[in-house]
Amino acid sequence: RAWRDQMGERSRFTMSVNVSARQLAHLEFVDHVSAALAESNLAPEHLVLEFTESVLMKHEDGAPTLAQLSSLGVRFAIDDFGTGYSSLAYLRRLPADVLKIDKSFVDEILGGPEDEAVAHAVLRLGSILKKSVIAEGIEDERQRSRLVALGCKYGQGYLFSPPVEPERFTRLLTADGGRLRGEDQYASSTADTARLVVK
């Protein structure tokens, strides 16, 4: 909330929070999220909850919880996508807004058509299902260039920034004369948008 106040209400900056299987199974999880939003005065659409694919597959009974959070306006990302024996059926059921290509597929992307096949397939799937796709673990310019060539608009990784403390993150947000680098990680029109990760 403090970062949004600093950047101004016109900023489309969002905060992503990783959620564990234990949290998803907690009976009061929706209440906890709702209370945190109310306490911080943060609009729900500015919060993105990230669940790994394996968590969602193991806890299909968590769908009602996700539906309740979605009704609040909270957005969702499926982390490590492609590593958990993906079920296309649950992609249709769950209110996920974002698919994140696992780093293991990004690591292999320069090996040739067969090695980049999964990343290409996830990008195509995201386009068909109207979901944003973010590539994880981009470490060098060749990976970034190849992902851009495949149509990937968003990425995160050490090429852009290592994890940083909140104070350093604040400086990154206001760098370049106050222009937010990586503004709106899920809707920027630039191809090299970074997701800057906070410890």
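Note: the structure precedes this text.
Attention in this report is confined to the structure presented alongside it. (Residues numbered from 1 in each chain as written. Predicted model: local features only at pLDDT ≥ 70, side-chain atom pairs only at ≥ 80, totals over all residues. Heavy atoms only, no water.)

Below, the discussion takes up the pairing of strand 5 (residues 132-135). Residues Ser132 and Ile134 line one face of strand 5 and the alternating positions Val133 and Ala135 line the opposite face, and both faces are buried. Pairing geometry for strand 4 (residues 98-101) and strand 5, over four bridges, is parallel. The residue bridging Val98 from the neighbouring strand is Ser132, located in strand 5. Taken together, the two bridges between strand 5 and strand 6 (residues 154-156) define a ladder with parallel strand orientation. Bridged to Ile134 within strand 6 is Tyr154. (Buried < 20%, exposed > 50% of the residue type's maximum accessible area, 1.4 Å probe, protein only. Helix = DSSP H or I, 4+ residues; strand = E, 2+ residues; numbered from the N terminus. Pairing = 2+ DSSP bridges.)

What follows is about the nonpolar core. Of all hydrophobic cores here, the largest spans 37 residues; its most connected members are Val33, Leu49, Phe51, Leu69, Val74 and Ile101. Listed in part, the seven residues of the second largest apolar core include Trp3, Met7, Phe13 and Phe169. (Core = buried A, V, L, I, M, F, W, Y, C linked by side-chain atoms within 4.5 Å.)

Two numbers describe how helix 3 (residues 29-40) lies on helix 5 (residues 63-72): the axes approach to 10 Å, and their chain directions differ by 20°. Put simply, helix 3 runs roughly parallel to helix 5. Along this stretch, helix 3 crosses helix 5, giving a crossing that reads as right-handed. Between helix 3, through Phe29, Val30, Val33 and Ser34, and helix 5, the contact on the second element is made entirely by Thr65, Gln68, Leu69 and Leu72. Of the residues assigned to the contact of helix 3 with helix 5, the class counts are five nonpolar, three polar and no charged. (Axes fitted to C-alpha atoms, helices over the stretch in contact; angles between N-to-C directions. Parallel < 35°, antiparallel > 145°, perpendicular 65-115°, else oblique. Left-handed = near helix turned anticlockwise from the far one by under 90°. Contact = heavy atoms within 4.5 Å. Nonpolar A, V, L, I, M, F, W, Y, C, P; charged D, E, K, R; others polar.)

Buried within helix 9 (residues 141-149) we find Gln143, Arg144 and Leu147. The buried residues of helix 9 occupy an angular sector of 100° when the element is viewed end-on, so they sit on one face. Seen from the buried face of helix 9, the exposed residues on the opposite side, beyond 90 degrees, are Arg142 and Ala149. Looking at the packing, one finds that the buried side of helix 9 touches helix 7 (103-107) and strand 5. Two residues or fewer after helix 9 comes Gly151, characterised by a positive phi angle close to 100°. (Arc of directions from axis to C-beta.)

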